[in-house]
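# Structure at a glance
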Amino acid sequence: MANTLVQQALLSLDIDAARLLRRIEELGRIGRDPATGGISREGFSPADREARTYLMNEARAAGLVPAVDAAGNVVIRPRPVAHGEERQALMMGSHLDTVVNGGRLDGAYGVLAALEVLQTFEESGIEPRYEPVAVAFANEEGALFPQPFWGSMAIAGRLAGLPREPADHHGRPLREALRLAGGDLDALGSAGWPRGSVAAYLELHVEQGPVLERSGNRIGVVDAITGRIVLTLEVTGSAGHSGTTPMEGRRDALTAAARVVLATENLSRDRGLCRVATVGRLEAHPNTPNTIAGAVRMTVDLRDTDVWRAAAAEEALRYALRVIAESTGTRIEVVAETRSDPVSTSRTLQRAIENSADELGLPSEVLSSGAGHDAQMVADIAPIGMIFVPSIGGISHVPEEDTAAVDLVDGARVLLRTVLRTVDHAE
Ligand code: HGY
Ligand code: MN
Ligand code: MN
């Protein structure tokens, strides 16, 4: 650890709580539906671009240097770095994009806390051994364009896992939307950070579940992030007149899809094959009251922190799809799939987070994340640590998502302290 004077200066460092809370409120107005209070900033949508512009303006006003990489990630550094003079980075961040009609904290909180930590360092004049870097990863949710974790996959160099010519769920190509956000589909490789260039990655996030609220602990020290398999299915039957087509012999894509929905729930609820299983998106075509659906496009989301359980659940699902297709006379195809493996966080960073919480008198507990996070992609190139703060009512991805202001501030304080510890102890 640095000498005593610097050590005292470091430990007296604190974030500017009012500035962090102001930015959370300001950012929470972008993409907000006044009727529901929900936030819709789907990745690469105009509202998402407006949020990036807000972040970059705040970074510039703080004397920091934001830039957009080819994947559309916003990367904020203390000052320009000449090529070849890069120090190892201590990366922090999360995402600005949201689900449809979601909350104002999922992702945004971690990005603004990372900005706050960079600005606190900048104002203190202290130069940590590693370069503190804040990142807003592009399209973490995949709410409009596939695929989830787009930006963090690019930073981790996982380009093989990205669709060649991605299009949104309405078939609109990503190329133009990415260009408008400052990215370049033909230069994705330049967004990668080589292994070794990042000493550690820390992500601060709302828990999005009930564990901390129930236990009364203030800080969550994440030990593992769930694996996730998302299959996009195309169910094809025969459209027809709902009044003149006899029930016998129908090839109704919507009733077949309904069986898939229940079979999916059954994998987890009744058979316990994986921790959770969900159909969240279902689009019938032509979706008119008096026409039998000829086609349905839907997603299945399977999760578990054990990769083998998730694999067993997927195999059982694929078998169920064959049986349903057979019995309904429909065709059920898997037309897209995205996978993220479960990852463990760094034990060193877990301890740094625990010690930082202790130092601040904040009771903490170790827990796993049922939500996926960009951290699980960055884990390819660096040791990762995740810090949770309590979610009121344990809810998220809904307008009511909320966290007490004192928890938002204390979470950012733990992030700052963990960074201070990490600059001398990263693996
Ligand atoms: O779906 C998730 O787990 C995260 O919110 N992207
Ligand atoms: Mn989310
Ligand atoms: Mn998130």
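Please refer to the structure placed before this passage.
To start, this report covers the structure provided alongside it.

Conventions and cut-offs
Residues numbered from 1 in each chain as written. Chains lettered and ligands numbered in written order. Predicted model: local features only at pLDDT ≥ 70, side-chain atom pairs only at ≥ 80, totals over all residues. Heavy atoms only, no water. Axes fitted to C-alpha atoms, helices over the stretch in contact; angles between N-to-C directions. Helix = DSSP H or I, 4+ residues; strand = E, 2+ residues; numbered from the N terminus. Parallel < 35°, antiparallel > 145°, perpendicular 65-115°, else oblique. Left-handed = near helix turned anticlockwise from the far one by under 90°. Contact = heavy atoms within 4.5 Å. Nonpolar A, V, L, I, M, F, W, Y, C, P; charged D, E, K, R; others polar. Donors = N, O, S within 2.8 Å, 3.2 Å for Na, K, Ca; no water. Buried < 20%, exposed > 50% of the residue type's maximum accessible area, 1.4 Å probe, protein only. Pairing = 2+ DSSP bridges. Salt bridge = Lys/Arg side-chain N within 4 Å of Asp/Glu carboxyl O. Near = heavy atom within 4 Å. Polar contact = N/O pair within 3.5 Å; in protein donor to acceptor, adjacent residues only side chain to side chain. Areas by Shrake-Rupley, 256 points an atom, 1.4 Å probe, with all protein chains shown as cover.

### Notes on the packing of helix H2 (residues 17-27) against helix H3 (residues 46-61)
- In contact at an axis separation of 11 Å, H2 and H3 are set at 155° when each is read in the N-to-C sense. Comparing their axes, H3 and H2 come out roughly antiparallel. Crossing hand, H2 versus H3: right-handed. Residues Arg 22, Arg 23, Glu 26 and Leu 27 of H2 lie in contact with H3, whose contacting residues are Ala 51, Tyr 54 and Glu 58.
- Along the lines of polarity and charge, the residues of the contact of H2 with H3 split into three nonpolar, no polar and four charged.

### Let's talk about the coordination of the manganese ion (ligand 3)
- Around the manganese ion (ligand 3), the donor atoms from the protein are His 95 (NE2), Asp 106 (OD) and His 205 (NE2), and they sit 2.1 to 2.3 Å away.
- Site description for the manganese ion (ligand 3): donor spacing in sequence, H-x10-D-x98-H.
- The metal-metal distance between the manganese ion (ligand 3) and the manganese ion (ligand 2) comes to 3.6 Å, with Asp 106 coordinating both. Within this pair, whereas His 95 is found in strand E3 (residues 89-95), its partner Asp 106 is found in the loop between E3 and helix H4 (108-124), the two being separated by 11 residues in sequence.

### Digging into the coordination of the manganese ion (ligand 2)
- For the manganese ion (ligand 2), the full set of protein donor atoms is Asp 106 (OD), Glu 141 (OE) and His 397 (NE2), at a range of 2.0 to 2.2 Å.
- Mapped onto the sequence, the donors of the manganese ion (ligand 2) take the spacing D-x34-E-x255-H.
- The partly exposed category is assigned to His 397, whose relative accessible area is 36%.

### A short note on the packing of H3 against H4
- Interaxial distance between H3 and H4 falls to 11 Å at its minimum, and their mutual angle equals 10°. It follows that H3 is roughly parallel to H4 by the angle criterion. The crossing of H3 and H4 is right-handed. Contacts from Leu 55, Glu 58 and Ala 59 of H3 reach H4 at Val 111, Leu 112 and Leu 115.
- Class assignment of the residues belonging to the contact of H3 with H4 gives a composition of five nonpolar, no polar and one charged.

### What to know about the pairing of strand E1 (residues 65-68)
- When E1 meets strand E2 (residues 74-77), the two strands line up antiparallel, connected through four bridges. Pairing of Val 65 across the sheet is with Arg 77, part of E2.
- Between E1 and E2, which pair antiparallel in sequence order, lie five residues; one of them, Gly 72, sits at a positive phi of approximately 95°.

### Considering the pattern of salt bridges
- Within the structure shown, the criterion is met by 35 salt bridges.
- When the shortest N-O distance is used, the salt bridge between Glu 58 and Arg 23 registers 2.7 Å. Remark: Arg 23 occurs in helix H2 and Glu 58 occurs in helix H3; sequence separation between them is 35 residues.
- Ionic pairing is found between Arg 413 and Asp 410, a salt bridge with its closest N-O pair at 3.3 Å. Taken together, the residues span about one helical turn, with Arg 413 and Asp 410 both in helix H12 (residues 405-425) at a distance of three residues.
- Take Arg 413: its relative accessible area is 24%, and that puts it in the partly exposed class.
- Among the charged side chains, a network of salt bridges with common partners joins Arg 19, Arg 22, Arg 23, Glu 26, Glu 58, Glu 116 and Glu 123.

### Regarding the site of ligand 1
- Close to ligand 1 lie Glu 140, Glu 141, Arg 228, Arg 303, Ala 371, Gly 372 and His 397, which account for all nearby residues.
- Within the side chain of Glu 140, an N or O atom sits 3.0 Å from a nitrogen atom of ligand 1.
- Separating an oxygen atom of ligand 1 from a side-chain N or O atom of His 397 is a distance of 3.0 Å.
- Protein contacts shield 96% of the accessible area of ligand 1, which totals 210 Å² for the unbound molecule.
- By residue class, the composition of the shell around ligand 1 is one nonpolar, two polar and four charged.

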